[in-house]
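Observations on chain architecture
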Amino acid sequence: MRDTGFTLNKSLIVLLILAVYTGAFAYRDVLSVDIMEARNYITAREMVADGNWLFPTLNGELRIAKPPLPTWITAFVFMLAGTDNDLAANRIPSAFAGLIMLAGAYFISLHVTKSKRAAFYSVIVLSTSYLFFYMTRKNTWDIYAQAFMTASIAAYCRALPAGTTGEKILMYALAGLFAALSFMSKGPVAFYGLLVPFLVAGFYLFRLRPVSFYGLTVLVAVAAALSLLWPVYIYFHETHSALSTAAAEASAWADRHVKPFWYYLQFPLMSGLWVVFLLPLLVPGFSSARLGRRRAAFYLIWIFVSFILLSVIPEKKDRYLLPVIIPAALMIGEYVSLLTGNLKKTTADSVVLGIWSGISFSLGVFVFISAAVVQVWFAAYDSMFFLAGEALVLFSVVSLSLSFIRRETHRYIPRSVAVFCLSVIVAVPAAESFVPDKDFRILEQARAETVHAYDGDFYGDLSIKEIWAVGRKVRPVDEFIDNGTRDTAVFITQGDLNGQELSSKGFSMEHLRTYSPEAGKQWNFYIVSRKK
């Protein structure tokens, strides 16, 4: 396809900045920490505290189930921030991984379509997709693996039309580097779910044949050499742990988080509001008529193969669908670029545009009214933020309404995206005020208390999230009871500690502090000592 008068003017630059900011950076600290993120944070914290950079530990125990690159990056951020419980800082790495994914998507789309307009809208679509928005706010391994693999595919695409042999080899080497970084983020996961489906679609439908034997050799050599450095090191130094961990991770694919084969049929919903465009595009006749048979087949085969490969694995989680959303965003981006250009719109196109714009308009109006009600009754906003936010939402809704009245269909999508992004920015503070904090977050208060400065070990039967909140290693209680070499320790209990039972076992206790997140629940800290 060709660009027809597309220029990146000021309004589109503002739209791009707004979409990327909303998708990757806004309100990074809103979502609570889940178990996977807590594991990453604890491991990174212990890297900084104990220097376990090559042999990562989780609460004092060897943790080699996941490659260390995301944790290395997170640990570096902890060193800069000086703390591990600032979620806005903790999630900067995953936000920047999102930027790498967006850049990769742009160059893949540019190679496939030869259209800057399509590449631009692919970035807009991907950055405002639900799953992208969610994953950039969870500093876990998936966003890194898929982002680096997207960059690897982009470099591979750039190598194909490269002019000189040196340039080709350079781009293949860059593709190998990004592939290695993907492997060092989550092993072969992105190779399986993203690279293989791309190659299947590309080799057989879009003729993405390798053009340089030397270049491919460089790609494979760089990827293999860098990918295997840490695993081989671990294998020779912790052979038994490496083998048992590999076996446990392999079996997890079959016996943990098992869902039926059709579970991933929900994947269109992971694109968020863009599902309005994605559903009709998944119909081959509709997409072929708009994008052309070859490119429609390219996108559909990429999506379908990725879907099949992910579905045959018994272990399933929503976040594993991220590699499906990438080609879906590219497909939607090209279609949207045609709708904003000179495409002669059919009745079906008009219906899709009308539904999308109507939803965006309704969202903007709902957020505008809801924010006003919440501010009047609960004073959830800073007054200046509230006034500015409401003004911008109202302006974007009015602009979208004017495009309806004037039948300026080429402006429906940019203005709808602006309405969506501004609505999200304004709505989150109101929604956050109604979401109670998790019980375990009360434990973070202990970091600022003298109990946290206690020069000894902490014990308690805590979950991973609770251990992250405490900010210290917290070993199981039985470990202290059975270990006669330690005389005193801090015990953390949810509820009261049984003093009589402890005394009968030869221990004394002193209550230090109680933290109560809500009535009927409490966390207690005690100093427990062995009786002389």
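A few points on the structure. (Residues numbered from 1 in each chain as written. Predicted model: local features only at pLDDT ≥ 70, side-chain atom pairs only at ≥ 80, totals over all residues. Heavy atoms only, no water.)

As for the sheet that holds strand 3 (residues 458–459)
Pairing in this open sheet of five strands is mixed, and the strands run 4-3-5-7-6 from one edge to the other. Both edges of this open sheet fall to strand 4 (474–475) and strand 6 (507–518), since each of them pairs with a single strand only. Pairing of strand 3 with strand 4, which is carried by two bridges, proceeds in the parallel orientation. Counted as the bridge partner of Tyr459 is Arg475 from strand 4. (Pairing = 2+ DSSP bridges. Helix = DSSP H or I, 4+ residues; strand = E, 2+ residues; numbered from the N terminus.)

Section: the packing of helix 3 (residues 69–81) against helix 8 (residues 141–159)
Contact geometry of helix 3 with helix 8 gives a least axis separation of 9 Å together with a crossing angle of 110°. One element, helix 3, and the other, helix 8, form an angle in the roughly perpendicular class. Where helix 3 crosses over helix 8, the two elements pack in a sense that is right-handed. Contacts between helix 3 and helix 8 involve Leu69, Pro70, Thr71, Ile73 and Thr74 from the first element and Trp141, Tyr144 and Phe148 from the second. Tallied by class, residues from the contact of helix 3 with helix 8 come to six nonpolar, two polar and no charged. (Axes fitted to C-alpha atoms, helices over the stretch in contact; angles between N-to-C directions. Parallel < 35°, antiparallel > 145°, perpendicular 65-115°, else oblique. Left-handed = near helix turned anticlockwise from the far one by under 90°. Contact = heavy atoms within 4.5 Å. Nonpolar A, V, L, I, M, F, W, Y, C, P; charged D, E, K, R; others polar.)

Quick notes on the packing of aromatic side chains
What the rule picks out here adds up to 33 aromatic pairs. Ring geometry for Tyr156 versus Tyr172: centroids 5.9 Å apart, planes at 70°, classification edge-to-face. Here Tyr156 is found in helix 8, whereas its partner Tyr172 is found in helix 9 (residues 165–186), with 16 residues between them in sequence. You'll find Tyr156 and Tyr172 in the same group, each marked buried. Ring geometry for Tyr381 and Phe386: centres 5.6 Å apart, planes at 45°, overall tilted. Note on Tyr381: relative accessible area 7%, which makes it buried. The rings of Tyr156, Tyr172, Phe198, Phe298, Tyr299 and Trp302 are connected pair by pair, giving a single aromatic cluster. (Phe/Tyr/Trp six-rings, centres within 6.5 Å; stacked < 30°, edge-to-face > 60°. Buried < 20%, exposed > 50% of the residue type's maximum accessible area, 1.4 Å probe, protein only.)

Examining a nonpolar patch on the surface
The grouping of Val48, Trp53, Leu54, Phe76, Met79, Leu80 and Tyr233 at the surface amounts to a nonpolar patch, some 670 Å² of accessible area in total. Within the element layout of this structure, Leu54 appears in the loop between helix 2 (35–50) and strand 1 (57–58). (Patch = residues over 30% accessible without salt bridge, like charges linked within 9 Å, V, L, I, M, F, W, Y side chains within 5 Å. Areas by Shrake-Rupley, 256 points an atom, 1.4 Å probe, with all protein chains shown as cover. Salt bridge = Lys/Arg side-chain N within 4 Å of Asp/Glu carboxyl O.)

Regarding a negative patch on the surface
Where like charges cluster on the molecular surface, the negative patch consists of Asp29, Asp86, Glu432 and Asp437. When you line up the elements, Glu432 lands in helix 19 (residues 412–432). By relative accessible area, which is 39% here, Glu432 ends up partly exposed. (Lys, Arg positive; Asp, Glu negative; His and termini not counted. Charge placed at Lys NZ, Arg CZ, Asp CG, Glu CD.)

Here we look at the pattern of salt bridges
Under the definition given, this model contains 17 salt bridges. Note that Arg447 is salt-bridged to Asp84, the shortest N-O span being 2.6 Å. Here the residue Arg447 occupies a position in the loop between helix 19 and strand 3, and Asp84 occupies one in the loop between helix 3 and helix 4 (87–90), the gap between them amounting to 363 residues. Between Arg295 and Glu334 there is a salt bridge whose closest N-O contact spans 2.6 Å. Taken as a pair, Arg295 in helix 15 (residues 293–311) and Glu334 in helix 16 (residues 322–339) lie far apart in primary sequence, 39 residues in all. Salt bridges linked by common partners bring Asp34, Glu37, Arg91 and Lys138 together as one network.

Remarks on the side chain of Ser127
Structurally, Ser127 is set in helix 6 (residues 116–127). Among the residues examined, Ser127 registers a relative accessible area of 0% and is labelled buried. At 3.0 Å, the side chain of Ser127 forms a polar contact with the backbone oxygen of Ile124. Apart from the residues lying within four places of it in its own chain, the contact partners of Ser127 are Ala19, Val20, Gly23, Leu102 and Phe132. (Polar contact = N/O pair within 3.5 Å; in protein donor to acceptor, adjacent residues only side chain to side chain.)

Some thoughts on the environment of Ile442
Along the polypeptide, Ile442 turns up in the loop between helix 19 and strand 3. Each C-alpha atom of the pair Ile442 and Pro517 lies 5.9 Å from the other, and the pair is 75 residues apart in sequence. Beyond its immediate stretch of four places on either side in the chain, Ile442 contacts Tyr515, Ser516, Pro517 and Trp523.

Considerations on helix 2
With 16 residues, helix 2 should cover 22 Å at 1.5 Å per step; its first-to-last C-alpha distance of 22 Å lies within 8% of that length. Of the positions making up helix 2, those classed as buried are Met36, Glu37, Ala38, Asn40, Tyr41, Ile42, Thr43, Ala44, Arg45, Glu46 and Met47. Its buried side turned inward, helix 2 meets strand 1, helix 3, helix 4, helix 8 and helix 20 (464–470). Of the residues flanking the start of helix 2, the one acting as N-cap is Asp34, its side-chain oxygen 3.3 Å from the backbone nitrogen of Met36. (Expected span 1.5 Å × (residues − 1).)

Points about the packing of helix 1 (residues 10–25) against helix 5 (residues 92–113)
Packing of helix 1 against helix 5 leaves a shortest axis separation of 9 Å and a crossing angle of 135°. Taken together, the axes of helix 1 and helix 5 lie oblique to each other. Relative to helix 5, the crossing made by helix 1 is right-handed. Residues Val20, Ala24 and Phe25 of helix 1 pack against Ala95, Phe96, Leu99 and Leu102 of helix 5. Along the lines of polarity and charge, the residues of the contact of helix 1 with helix 5 split into seven nonpolar, no polar and no charged.

A look at helix 9
Taking 1.5 Å of rise per residue, 22 residues should cover 32 Å, and helix 9 covers 32 Å from first to last C-alpha, within 8% of that figure. A positive backbone phi angle near 65° is found at Gly187, which sits one or two residues after helix 9.

Some thoughts on the nonpolar core
Core analysis: the biggest nonpolar cluster contains 114 residues, and Ile153, Trp274, Phe277, Trp302 and Ile413 have the highest contact counts within it. Filtering out sequence-adjacent residues up to four positions away, Trp302 remains in contact with Ile108, Ile153, Leu194, Pro197, Phe198, Ala201, Pro327 and Leu330. Judged by nonpolar contacts, the second largest core, of 30 residues, contains Leu58, Ile467, Trp523 and Phe525. (Core = buried A, V, L, I, M, F, W, Y, C linked by side-chain atoms within 4.5 Å.)

Any functional reading would require information that these geometric values do not contain.
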